[in-house]
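Here is how the chains run, residue by residue.
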Amino acid sequence: MRELLNCVDVYPFGQFCALGVTAGAHRLWSHRSYKANLPLRIFLSILFASCKQHDIYEWVRDHRVHHKYSDTYADPHSIKRGFFFSHIGWMVTKKPKEVHTKFEKLDLSDLENDPVVRFQKKYFNIWSTFWCYIVPTFIPWYFWNEDPWISFCAVAVARQGLILHYAWSVNSIAHRYGNKPYDRNICPTDDKIYAILALGEGWHNYHHAFPWDYRSSEIGGFKYNMTTSFIDLMGKIGWASHFKMATTEAVKKRAESKGDGSRIQYVGLINGS
Ligand SMILES: [Zn+2]
Ligand SMILES: [Zn+2]
């Protein structure tokens, strides 16, 4: 029974850690959609390390190329290469030449100038192993006498696996299944269920239409866009600032001229009801 409870607890803890990916590597470092002070950048880099994906530099490099060449053969996880490839295949195969050519043309000087990113890149293996495996195993064992083997399997490994699949699903599910309220001519989609599960990253059609918008959607609220709620909270305590947002008028215009007409389904959620 205790093992089962642990597995259930892993889910919200995993979501909390995933903020390092969504609010950190994605909305802050990849898109510069808001500014974060040093304590917040350090905090996000720890959460991100606890997910043990790539280091921030590599993650951002892949993601910037993904946006620039989305769904072409220069996209590192192009859905055009198949669902499996976009989900996990791209992680276990060599990147094609087209992708490497685009990497060379990217300007990543903002990352090179950020000491938090530089530190994380330099000590990535030891840093991410510490936060992803050692800390989540140690805390339940030390503070509430959990079996260390259960801590390791549930809180470290299962949690990491869960977050990895959520992140990969943005590249696979959110590039194939769902509505296209803001641009019907691109692959990325919006999906309510996936948005809840992925902390607001499932509004992916909006995100590709307005990648610099820190909200990644017109729809906010803790349930449908936990990442935006977290960034707003950081703004309230003065750790985040300079939020970039599309105007309601620009969003409406875009939906009317390029969308598939499905925005109407979300009007209640957009207005917060
Ligand atoms: Zn995408
Ligand atoms: Zn993005």
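None of the values given here were measured: they were computed from a predicted structure.

With that settled, consider the packing of helix α4 (residues 83–92) against helix α9 (residues 148–171). With their axes 8 Å apart at the nearest point, α4 and α9 run at an angle of 110 degrees to one another. Taken together, the axes of α4 and α9 lie roughly perpendicular to each other. Contact residues: S86, H87, I88, W90 and M91 in α4; H165, W168, S169 and N171 in α9.

Let's shift gears to the environment of A25. By secondary structure assignment, the location of A25 is in helix α1 (residues 2–30). Accessibility expressed as a relative area gives 0% for A25, which makes it buried. For the pair A25 and A74, spaced 49 residues apart in sequence, the C-alpha separation works out to 21 Å. Dropping the residues within four chain positions of it, A25 is found in contact with G20, S30, F48, W59 and V60.

Turning our attention to the coordination of the zinc ion (ligand 2). The protein atoms that coordinate the zinc ion (ligand 2) are H26 (NE2), H31 (NE2), H63 (NE2), H67 (NE2) and H207 (NE2), at distances of 2.0 to 2.2 Å. Read in sequence order, the donor residues for the zinc ion (ligand 2) give the motif H-x4-H-x31-H-x3-H-x139-H. A residue pair is termed long-range when its members are at least 10 positions apart, and H26 in helix α1 and H63 in helix α3 (residues 56–68) qualify at 37 residues. Comparing H26 with H63 shows no difference in burial state: the two are buried.

Let us now look at α9. Taking 1.5 Å per residue as the helical rise, α9 with its 24 residues ought to reach 34 Å, and the 34 Å between its terminal C-alpha atoms agrees with that figure. Near the N-terminus of α9, the side chain that reaches the backbone nitrogen of W149, with its oxygen 2.7 Å away, is that of D147.

Opposite charge on two side chains makes pairing possible when the charged atoms of those side chains draw close. One pass over the full model with this rule turns up 10 salt bridges. For the salt bridge of R61 with D62, the shortest nitrogen-to-oxygen distance reads 3.1 Å. Among the residues examined, R61 registers a relative accessible area of 18% and is labelled buried. A salt bridge links R215 to D213; its shortest N-O distance comes to 2.7 Å. Comparing R215 with D213 shows no difference in burial state: the two are buried.

Time to look at a nonpolar patch on the surface. Taken together, the side chains of F138, I139, W141, Y142, F143 and W144 define a hydrophobic patch exposed on the protein surface, amounting to about 690 Å² of accessible area. The exposure class assigned to W144 is exposed, which follows from its relative accessible area of 54%.

Packing of helix α8 (residues 124–144) against α9 brings their axes to within 8 Å, and their N-to-C directions diverge by 140 degrees. Overall, the two elements α8 and α9 adopt an arrangement that is oblique. Every pair of crossing elements has a handedness; the one defined by α8 and α9 is right-handed. On α9, the residues touching W131, C132, Y133, P136, T137, P140 and W141 of α8 are P148, S151, F152, V155, A156, V157, R159 and Q160.

Under the UniProt annotation, "domain: Fatty acid desaturase" (unreviewed entry) lies at residues 14–211. As a span, residues 14–211 carries 66% helix and 1% strand, and end to end its C-alpha atoms are 25 Å apart.

This next bit is on the packing of aromatic side chains. Inspection of the entire model under this criterion finds 19 aromatic pairs. When the ring of F48 is compared with that of W59, the centres are 6.5 Å apart and the planes differ by 85 degrees; the resulting orientation is edge-to-face. Separated by 11 residues along the polypeptide, F48 in helix α2 (residues 38–49) and W59 in helix α3 bring together distant segments of the chain. Comparing F48 with W59 shows no difference in burial state: the two are buried. Put simply, the rings of F119, Y123, W127, F130 and W131 touch in pairs and so form one group of aromatic residues. Over the face of the ring belonging to F103 we find R61, whose NZ or CZ atom lies 3.8 Å from the ring centre.

Attention now goes to the side chain of S169. With respect to the helices and strands, the residue S169 is situated in helix α9. Setting aside residues up to four positions removed in sequence, S169 forms contacts with H87, A174 and Y194.

Next up on the list: the nonpolar core. Of all hydrophobic cores here, the largest spans 35 residues; its most connected members are W29, Y34, L40, L44, L111 and F230. Of all the secondary-structure elements, those providing two or more residues to this core are α1, α2, α3, α5 (97–105), α7 (115–122) and α12 (226–236). By residue number, the principal contributor to this core is α1, which donates eight residues. When neighbours within four sequence positions are excluded, Y34 is seen to be in contact with A23, R27, L28, L40, L44, Y214, I231, A240, S241, H242 and F243. In this structure, Y206, F210, A246 and A255 belong to the second largest nonpolar core, which totals seven residues.

Parameters at a glance
Residues numbered from 1 in each chain as written. Chains lettered and ligands numbered in written order. Predicted model: local features only at pLDDT ≥ 70, side-chain atom pairs only at ≥ 80, totals over all residues. Heavy atoms only, no water. Axes fitted to C-alpha atoms, helices over the stretch in contact; angles between N-to-C directions. Helix = DSSP H or I, 4+ residues; strand = E, 2+ residues; numbered from the N terminus. Parallel < 35°, antiparallel > 145°, perpendicular 65-115°, else oblique. Contact = heavy atoms within 4.5 Å. Buried < 20%, exposed > 50% of the residue type's maximum accessible area, 1.4 Å probe, protein only. Donors = N, O, S within 2.8 Å, 3.2 Å for Na, K, Ca; no water. Expected span 1.5 Å × (residues − 1). Polar contact = N/O pair within 3.5 Å; in protein donor to acceptor, adjacent residues only side chain to side chain. Salt bridge = Lys/Arg side-chain N within 4 Å of Asp/Glu carboxyl O. Patch = residues over 30% accessible without salt bridge, like charges linked within 9 Å, V, L, I, M, F, W, Y side chains within 5 Å. Areas by Shrake-Rupley, 256 points an atom, 1.4 Å probe, with all protein chains shown as cover. Left-handed = near helix turned anticlockwise from the far one by under 90°. UniProt positions renumbered as here; feature names shortened; annotations may be inferred. Phe/Tyr/Trp six-rings, centres within 6.5 Å; stacked < 30°, edge-to-face > 60°. Lys NZ or Arg CZ within 6 Å of the ring centre and 35° of its normal. Core = buried A, V, L, I, M, F, W, Y, C linked by side-chain atoms within 4.5 Å.

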